[in-house]
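Fold and geometry: a report
Here's the letter readout for the chains.
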Amino acid sequence: MANPNIVNVTSIYGGNAGWNLSNTLTATLLTVSADVIVKINAISCTNVDGTNAAALNLYIDGVGTTVTGVTGTALATAIYLAKTVNVPADDILVVIDKPIYLMEGDILKGGASASGDLDLYISYEVINDA
């Protein structure tokens, strides 16, 4: 898996995505293609259930790679951004409010403790060097 060079990009496209999460805690939400880095600008989670709290699980699968010029030791392949984080009824959780990068091959996965209770929103940029 190569590390795309974000100095010589061919395109940068802004986007957003949203999901009403199921109770499958390992559902694939986003998969990063080859020659692409995804810059996640923000992630928020809203509990749309007016009565019950629900827990959010959100993680990146495939993180065990490093960028050129950096060496990692005993890198984890799955890193949680949120692990069973309680979101009260009719409330919002800001998961990420500073940029992070998903490398090519990374997969964003997650789910809720109660199907249909949590909406997940992501603002991102797709940076392509192909």
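My aim in this report is to walk through the structure given alongside it, one point at a time. Along each chain, numbering runs from 1 in the same order as the chain's sequence is written. Reporting in this predicted model follows two pLDDT cut-offs: at least 70 for local features of residues, and 80 or more for side-chain atom pairs to be given and counted; totals over whole chains, interfaces and linings ignore these cut-offs and use all residues. In computing side-chain values, all of the structure's heavy atoms are included and hydrogens and water are not.

This next bit is on the pairing of strand β8 (residues 107-112). Every regular strand shows the same layout, with side chains that alternate between the two sheet faces. Within β8, five of the six residues are buried, which leaves the element mostly enclosed by the surrounding structure. Direction of pairing for strand β4 (residues 54-61) relative to β8: antiparallel, over a ladder of six bridges. Across the sheet, the residue bridging to Asp61 is Ile107, located in β8. Three exposure classes are used, based on accessible area relative to the maximum for each residue type with a 1.4 Å probe and protein chains only: buried under 20%, partly exposed in between, and exposed over 50%. By definition, any uninterrupted DSSP run of H or I lasting at least four residues is a helix, any uninterrupted run of E lasting at least two residues is a strand, and each is numbered from the N terminus. A pair of strands counts as paired when DSSP detects no fewer than two bridges linking them.

Counted as salt bridges are all cases of a side-chain nitrogen of Lys or Arg within 4 Å of a carboxyl oxygen of Asp or Glu. Throughout the structure, instances matching the rule amount to one salt bridge. The partner of Lys109 in a salt bridge is Asp61, with the nearest N and O atoms 3.2 Å apart. Residue Lys109 is located in strand β8, and its partner Asp61 is located in strand β4; the two are separated by 48 residues in the primary sequence. Judged by relative accessible area, which is 23%, Asp61 ranks as partly exposed.

Counting 25 residues, the largest nonpolar core has Ile43, Leu56, Leu58, Leu118, Leu120 and Ile122 as the members making the most contacts within it. Top contributing element to this core by residue count: strand β3 (residues 36-47), with five residues. Here, residues are in contact when the closest pair of their heavy atoms is within 4.5 Å. If we ignore the near neighbours within four places in the chain, the residues touching Leu56 are Leu21, Cys45, Ala82, Lys83, Thr84, Val85, Leu93, Val95, Gly111, Leu118 and Leu120. Buried Ala, Val, Leu, Ile, Met, Phe, Trp, Tyr and Cys residues form a nonpolar core when they are joined through side-chain atoms within 4.5 Å.

Let us now look at the pairing of strand β9 (residues 118-128). The pairing of strand β1 (residues 11-20) with β9 spans 10 bridges and is classified as antiparallel. For Ser11, the partnering residue across the bridge sits in β9 and is Asn128. Here 11 bridges tie β3 to β9, and the two strands are oriented antiparallel to one another. Within β9, the residue paired with Ile40 across the bridge is Tyr124.

The next subject is the packing of aromatic side chains. Centre distance and the angle of the planes are the two values used to describe a pair of aromatic rings. Here a pair means two rings of Phe, Tyr or Trp (six-membered ring of Trp) with centres within 6.5 Å. Their orientation is stacked below 30 degrees between planes, edge-to-face above 60, and tilted elsewhere. Within this structure, the stated rule accounts for one aromatic pair. Between Tyr59 and Tyr80, the aromatic rings sit 4.9 Å apart at their centres with planes inclined by 35°, giving tilted as the arrangement. Here Tyr59 is found in strand β4, whereas its partner Tyr80 is found in strand β5 (residues 78-87), with 21 residues between them in sequence.

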